[in-house]
Amino acid sequence: MTDTAAQTAAPTPSKRVFSGIQPTGNLTLGNYLGAIRNWVTLQDNSECLYCVVDMHALTLFQEPAALKEATRQVAAALIACGIDAEKHILFNQSLNQDHAELAWYFNCVARMGWLNRMTQFKDKAGKNRENASTGLFVYPNLMAADILAYRATHVPVGEDQKQHLELARDIAIKFNNDWEKPDFFPVVEPLILGEATRVMSLRDGSAKMSKSDPSDMSRINLTDDTDMIAKKIRKAKTDPEDLPRDADGFEGRPEARNLVTIYAALGNESISDALRDVGGGQFGAFKQKLADRAIAHLSPITEEMNRLLEDRAEIDRLLFRGGERAKALSAPILAETREVLGLVHH
Ligand code: TYM
């Protein structure tokens, strides 16, 4: 493109939502309650982009065939949960290379000290830090690029992504300051919404429910059938006491807190309302109620997801169209960015 005026990005709407999810294994109830459910609600009053972040997944080795399959599964799950891929934009990250380009610029903005503080890197790299991929280290820079390639303003996530979003804010501020372009990138707002912002493992109330936990019994997957959901809830760790009557009674009882939080979130009620109903009761009866609620909520999603997965070519087409629409939004922002940086690009 030679016409600079034509490259000026259209004014971004005052609220543009972006969020991402990794295609590594099954989606869990944690992903659903902490993030996806809020993504669905935000569609009513904002322009939304939702991205299956396949390039982020590559920070740990992925079998190519499994990565493709997981990308389609996650896309199907998102649609089954209520993401509207026609009205909003749903795509996989690698379809729009603008993310990778902007991430490089951000590699040159973010400081080693900032990334050294990221707790998720420490968790994922574990003791073998020297052997972690450099991609894993700069992962949050790519995340900032995902968001800022669209000048998105609001990012709905679970509690565990908060630190990464603070880094995205720091990157935007430093970029705007260094190149003396106030407001070039927005300072994003994390949206951490609902009761279940950090759903914990069913086997250990002090560990996050995660698709990478080696124990499948630790999580409810969106692909689990009704028998499996009931079994996992029946076997969920508890303690010998009855359920407390108010939230103060959760002190030192992380498993009880977690199960009641899940129950409340599934019923769209506050924890204190849930406790008015189940507080003081025994775990056995409560677990039955929780299983009923989880099954009523999740079975229609699993069913729809399986139906969508019967036509994988249609999922691919849908993602591709989403990628094209995403690219149309980011291309002018990237062109402006190159100009600001002093790159000769036309
Ligand atoms: P990921 O794939 O680990 O998780 C996707 C979303 O699910 C939320 N989540 C949870 N919420 C509550 N309780 C849990 N146990 C739980 N487990 C996961 C996460 O907080 C997240 O919102 N780095 C991101 C993906 C990403 C992204 C982005 C997000 C890449 N680029 C840009 C926002 C904006 C990740 O690994 O999420």
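What follows covers the packing of aromatic side chains. Inspection of every chain in the model, using the stated rule, returns eleven aromatic pairs. Where F106 meets F175, the ring centres are 6.4 Å apart and the plane angle is 75°; that geometry is what we call edge-to-face. Taken as a pair, F106 in helix α4 (residues 98-107) and F175 in helix α8 (residues 162-178) lie far apart in primary sequence, 69 residues in all. Accessibility expressed as a relative area gives 0% for F106, which makes it buried. The interplanar angle of 35° and the centroid separation of 4.7 Å between the aromatic rings of F175 and W179 together place this pair among those described as tilted. Judged by its relative accessible area of 0%, F175 falls in the buried class. W179 sits in the partly exposed class, given a relative accessible area of 31%. The rings of F106, F175, W179, F184 and F185 are connected pair by pair, giving a single aromatic cluster. The aromatic ring of Y263 is capped on one face by R293, whose charged end is 3.8 Å from the ring centroid.

You can see I333 is positioned in helix α13 (residues 312-341). Taking relative accessible area as the criterion, I333 reaches 2% and is therefore assigned buried. Sequence spacing of I333 and C51 is 282 residues, and the spatial spacing of their C-alpha atoms is 18 Å.

Time to look at the site of the ligand. Neighbouring the ligand are 27 residues; Y139, D146, G158, D160 and V199 lie closest to it. With respect to the ligand, the backbone of V199 contributes an N or O atom lying 2.8 Å from a nitrogen atom. M209 places a main-chain nitrogen or oxygen 2.9 Å from a nitrogen atom of the ligand. Out of a free accessible area of 710 Å², the ligand has 97% covered by protein chains. Broken down by secondary-structure element, the contributors of at least two residues to the shell around the ligand are β1 (16-21), α1 (29-42) and α7 (134-148). Here the residues of the shell around the ligand are counted per class, giving twelve nonpolar, ten polar and five charged.

Quick notes on the rules
Residues numbered from 1 in each chain as written. Predicted model: local features only at pLDDT ≥ 70, side-chain atom pairs only at ≥ 80, totals over all residues. Heavy atoms only, no water. Phe/Tyr/Trp six-rings, centres within 6.5 Å; stacked < 30°, edge-to-face > 60°. Helix = DSSP H or I, 4+ residues; strand = E, 2+ residues; numbered from the N terminus. Buried < 20%, exposed > 50% of the residue type's maximum accessible area, 1.4 Å probe, protein only. Lys NZ or Arg CZ within 6 Å of the ring centre and 35° of its normal. Near = heavy atom within 4 Å. Polar contact = N/O pair within 3.5 Å; in protein donor to acceptor, adjacent residues only side chain to side chain. Areas by Shrake-Rupley, 256 points an atom, 1.4 Å probe, with all protein chains shown as cover. Nonpolar A, V, L, I, M, F, W, Y, C, P; charged D, E, K, R; others polar.

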